[in-house]
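# An overview of the molecular structure
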Amino acid sequence: MIQALPDLRNDRGMSGQLFLAGTPIGNIGDASARLREILETANVIAAEDSRRAHRLLSDLGITTQAQIWSFYDAVEEAKSPELIGRVLSGETVVMISDAGMPSVSDPGYRLVQEAIAQNVKVSVIPGPSAVLAALAVSGLPVDRFSFEGFLPRKSGERRALCESLLHEQRTMVFFEAPHRLADSLIDAVNVFGADRLGAICREMTKRYEETIRGNLGELSAWAAANEVLGEITLVVAGAVTDSAS
């Protein structure tokens, strides 16, 4: 029989809770009832951008007495011990990023590490994911995939990353800024080849949601010919077996 892991909070006699909460990546209607409940009852909301947190609460029609902390990359390491201290004192702390799941190319990792070090249980409220949404609509194989985060800003570093993934057989998912997409696709074509299939997923769940599918040569031409705006997730097919031999 499979047994649940022990609740480490009991070792400290602690009644506080730490939650990592996923938030909508665009459409506010994707917010779960559980997300609403935890935001309404939290003592502290640690937000990647406090202004966006206030906007989220307003859009959800939530009135809260929680303290809203600005919790971005540059301050995460310094503020994590204090946040865990609030949990240890019996409070409910909720960590949210600007969109999607905390820790996934967003703040949250160091907070989780501090919680583990202090024997504090970390609970998760799952939510929308740009990675999984892009995979689902890309039309590329999704049985195995790798998430590679944001592509490097500099061309040489981008090409080096692509070259390290040249023989990767899993479908690959990248985040990219719209103003760098055309240059990144040129580098991808130069490394992976123009015939490698891919998909550009733009503004997912939002009003102007768009998915452009084709080979990398076609996607590169599209990006060069259009003004690219909004949040971009790039999906690239893995190498065929023969190319990895």
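Thresholds, definitions, all that
- Residues numbered from 1 in each chain as written.
- Predicted model: local features only at pLDDT ≥ 70, side-chain atom pairs only at ≥ 80, totals over all residues.
- Heavy atoms only, no water.
- Phe/Tyr/Trp six-rings, centres within 6.5 Å; stacked < 30°, edge-to-face > 60°.
- Helix = DSSP H or I, 4+ residues; strand = E, 2+ residues; numbered from the N terminus.
- Buried < 20%, exposed > 50% of the residue type's maximum accessible area, 1.4 Å probe, protein only.
- Polar contact = N/O pair within 3.5 Å; in protein donor to acceptor, adjacent residues only side chain to side chain.
- Contact = heavy atoms within 4.5 Å.
- Disulfide = S-S within 2.5 Å.
- Axes fitted to C-alpha atoms, helices over the stretch in contact; angles between N-to-C directions.
- Parallel < 35°, antiparallel > 145°, perpendicular 65-115°, else oblique.
- Left-handed = near helix turned anticlockwise from the far one by under 90°.
- Nonpolar A, V, L, I, M, F, W, Y, C, P; charged D, E, K, R; others polar.
- Pairing = 2+ DSSP bridges.

## A word on the packing of aromatic side chains
Inspection of every chain in the model, using the stated rule, returns 2 aromatic pairs. Relative to phenylalanine 175, the ring of phenylalanine 147 has its centre 5.0 Å away and its plane inclined at 65°; by these criteria the two rings are edge-to-face. Of this pair, phenylalanine 147 sits in strand E6 (residues 145-150) while phenylalanine 175 sits in strand E7 (residues 171-176), placing them 28 residues apart in sequence. Taking relative accessible area as the criterion, phenylalanine 147 reaches 28% and is therefore assigned partly exposed. On the basis of relative accessibility, which here comes to 11%, the residue phenylalanine 175 falls in the buried class.

## Here we look at the side chain of serine 138
For serine 138, the location among the structural elements is in helix H5 (residues 130-138). A distance of 3.0 Å separates a polar atom in the side chain of serine 138 from the backbone oxygen of leucine 135. Ignoring sequence-local partners within four residues, the contact set of serine 138 consists of Ala199, Arg213 and Val235.

## Looking at the state of the cysteines
Counted under the stated rule, the structure contains 0 disulfides. A disulfide-free cysteine, cysteine 162 has its sulfur positioned 17 Å from the sulfur of cysteine 201, the nearest such atom. Judged by its relative accessible area of 4%, cysteine 162 is buried.

## Quick notes on the packing of helix H7 (residues 181-192) against helix H8 (residues 216-225)
The interhelical angle for the contact between H7 and H8, taken along N-to-C directions, is 160°, at an axis separation of 9 Å. Classed by the angle they form, the pair H7 and H8 counts as roughly antiparallel. As H7 packs across H8, the resulting crossing turns out to be left-handed. Here H7 contributes Leu181, Ala182, Leu185, Ile186, Ala188, Val189 and Phe192 to the contact with H8, which in turn contributes Leu216, Gly217, Leu219, Ser220, Trp222, Ala223 and Ala224.

## Remarks on the packing of helix H3 (residues 73-88) against helix H4 (residues 109-117)
Interaxial distance between H3 and H4 falls to 8 Å at its minimum, and their mutual angle equals 30°. Between H3 and H4, the angle falls in the class roughly parallel. As H3 runs across H4, the sense of the crossing is right-handed. Across the interface between the two elements, Asp73, Glu76, Glu77, Ser80, Pro81, Leu83 and Ile84 from H3 touch Tyr109, Arg110, Leu111, Glu114 and Ala115 from H4. The residue inventory of the contact of H3 with H4, partitioned by class, reads 6 nonpolar, 1 polar and 5 charged.

## Considering the environment of glycine 29
Along the polypeptide, glycine 29 turns up in the loop between strand E1 (17-21) and helix H1 (33-41). The class of glycine 29 is exposed, set by a relative accessible area of 57%. Once the C-alpha coordinates of glycine 29 and threonine 205 are considered, the two residues, 176 residues apart in sequence, prove to be 9.5 Å apart.

## Structural notes on the sheet that holds E6
An order of E6-E7-E10-E8-E9 is seen for the 5 strands of this open sheet, with the pairing classed as mixed. In this open sheet, the two edge strands, each paired with only one partner strand, are E6 and strand E9 (210-215). Averaged over all neighbouring strand pairs, the angle between strand axes comes to 15°, with direction disregarded.

## Focus: the sheet that holds strand E5 (residues 122-125)
Spatial ordering of the open sheet is given by E3-E2-E4-E1-E5, a layout of 5 strands whose pairing is parallel. Of all the strands in the sheet, the pair left with one neighbour each is strand E3 (67-70) and E5. Strand-to-strand, the axes of this sheet are offset by a mean angle of 25°, without reference to chain direction. Inspection of the sheet shows E1 paired to E5 by 4 bridges, in the parallel sense. Its bridge partner being in E5, alanine 21 is matched across the sheet by isoleucine 125. Strand contacts of helix H2 (residues 50-59): strand E2 (44-47), E3 and strand E4 (92-96), with the helix running at about 145° to E3, the strand carrying the most contacts. In the packing of H3 onto the sheet, contacts are made with E1, E2, E3 and E4, and the angle to E3 comes to roughly 155°.

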